[in-house]
Amino acid sequence: PLEQACPDRLPGLLSLQINGVTFPLPMTMPEQELLKPSEWSYCDYFWADRKDPQGGACIPGFEVLLQKQLKGKQMQKEMAEFIRERIKIEEEYAKNLSKLSQSPLAAQEEGTLGDAWAQLKKSLADEAEVHLKFSSKLQCEVEKPLLTFRGDNFKKDMKKYDHHIADLRKQLLTRYAAVEKARKALADRQKDLEVKTQQLEIKLSNKTEEDIKKARRKSTQAGDDLMRCVDLYNQNQSKWFEEMVTTSLELERLEVERVEMIQQHLRQYTTLRHETDMFNQSTLEPVDQLLQSVDPAKDRELWVQEHKTGEFRPVDLDI
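Residues numbered from 1 in each chain as written. Predicted model: local features only at pLDDT ≥ 70, side-chain atom pairs only at ≥ 80, totals over all residues. Heavy atoms only, no water.

Per an unreviewed UniProt entry, the protein chain goes by F-BAR domain-containing protein and derives from Denticeps clupeoides.

Draft legend 1. Structural detail: the side chain of Glu252. By secondary structure assignment, the location of Glu252 is in helix H5 (residues 206-292). Here the side chain of Glu252 touches Ser41 through a polar contact of 2.6 Å, side chain to side chain. (Helix = DSSP H or I, 4+ residues; strand = E, 2+ residues; numbered from the N terminus. Polar contact = N/O pair within 3.5 Å; in protein donor to acceptor, adjacent residues only side chain to side chain.)

Draft legend 2. Structural context of the side chain of Ser123. Along the chain, Ser123 turns up in helix H3 (residues 111-148). Of the residues examined, Ser123 reaches a relative accessible area of 2% and is grouped as buried. In contact with Ser123, other than residues within four places in its own chain, are Thr283, Leu284 and Val287. (Buried < 20%, exposed > 50% of the residue type's maximum accessible area, 1.4 Å probe, protein only. Contact = heavy atoms within 4.5 Å.)

Draft legend 3. Inspection of the nonpolar core at higher detail. With 29 residues, the main nonpolar core has Trp47, Phe62, Met158, Trp240, Met244 and Leu251 as its most contacted residues. Going through the elements one at a time, strand S1 (15-18), strand S2 (21-24), helix H1 (42-45), helix H2 (61-101), helix H4 (153-202) and H5 are the ones with two or more residues in this core. (Core = buried A, V, L, I, M, F, W, Y, C linked by side-chain atoms within 4.5 Å.)

Draft legend 4. Seen up close, the pattern of salt bridges. For the structure on display, the rule yields 19 salt bridges. A salt bridge links Glu39 to Lys36, with the shortest nitrogen-to-oxygen separation between them at 3.4 Å. Note that Glu257 is salt-bridged to Arg150, the shortest N-O span being 2.6 Å. Here Arg150 lies in the loop between H3 and H4 and Glu257 lies in helix H5, a separation of 107 residues in the sequence. A relative accessible area of 15% places Arg150 in the buried class. A network of salt bridges, in which partner residues are shared, links Arg150, Glu250, Arg253 and Glu257. (Salt bridge = Lys/Arg side-chain N within 4 Å of Asp/Glu carboxyl O.)

As structure tokens, then:
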């Protein structure tokens, strides 16, 4: 909004110059239509400069858009770091599961319960493999795309945009300074003409008439110079306007592309996570089946057959 910008001066009643850019005064014209109504497009909301809360130089609206792009790049990098930490957790978890699956604890359990226990331990190794595959897919399908999306050239491209728009803005400031200089020159020439005209009214002389003609020519020339400076200024502002629209729409497209890319790969993360849960569940199915088959009577039978010491019972002593 204009009230948050950095005004230089108010040279006229119909427009307001802010840091070299000419804006309409709201009370002098109907409300402007947005270039892309109902879209909250970049090209409609970043024309004015923003005050620096620290009291420094004003920040151009285009610079705000560039900062958004660079912040997005940083957020993308931090998301990749987050996924990298998730991968480390999965790898460490898989390592511990694999190690635990080889534990000799309760290895001497026998019978159907022993079979179920052995399968449970094996399921840990299977689960470890599932988590290793999950971590590998995370690296290839989530972390790597987040890291590699728009490489080092991205910042260079942003600098090119920045320099291009900044150069046009500097040219605009130069043109505006020329307008102000020409405006002052015209005011001086008009004042000089007014003084000479007053002198003529007081005392008629050929010299004064000649001075007036000369002053009038200079005033006319100053007016022509001012109009030429205004025309050059308007041409430059039109060029800046066109480039601002084109470039801000490009930045808008890039931001949409970035958000959709991240959305796609985070969805891939959730898909892989669901697959991991499904595979982990499948590692437990054999365990569940063997646990359902545990039969204390059968275990007793098997154990007795293997470890029995004799099936003849004692009888009474007979003499």
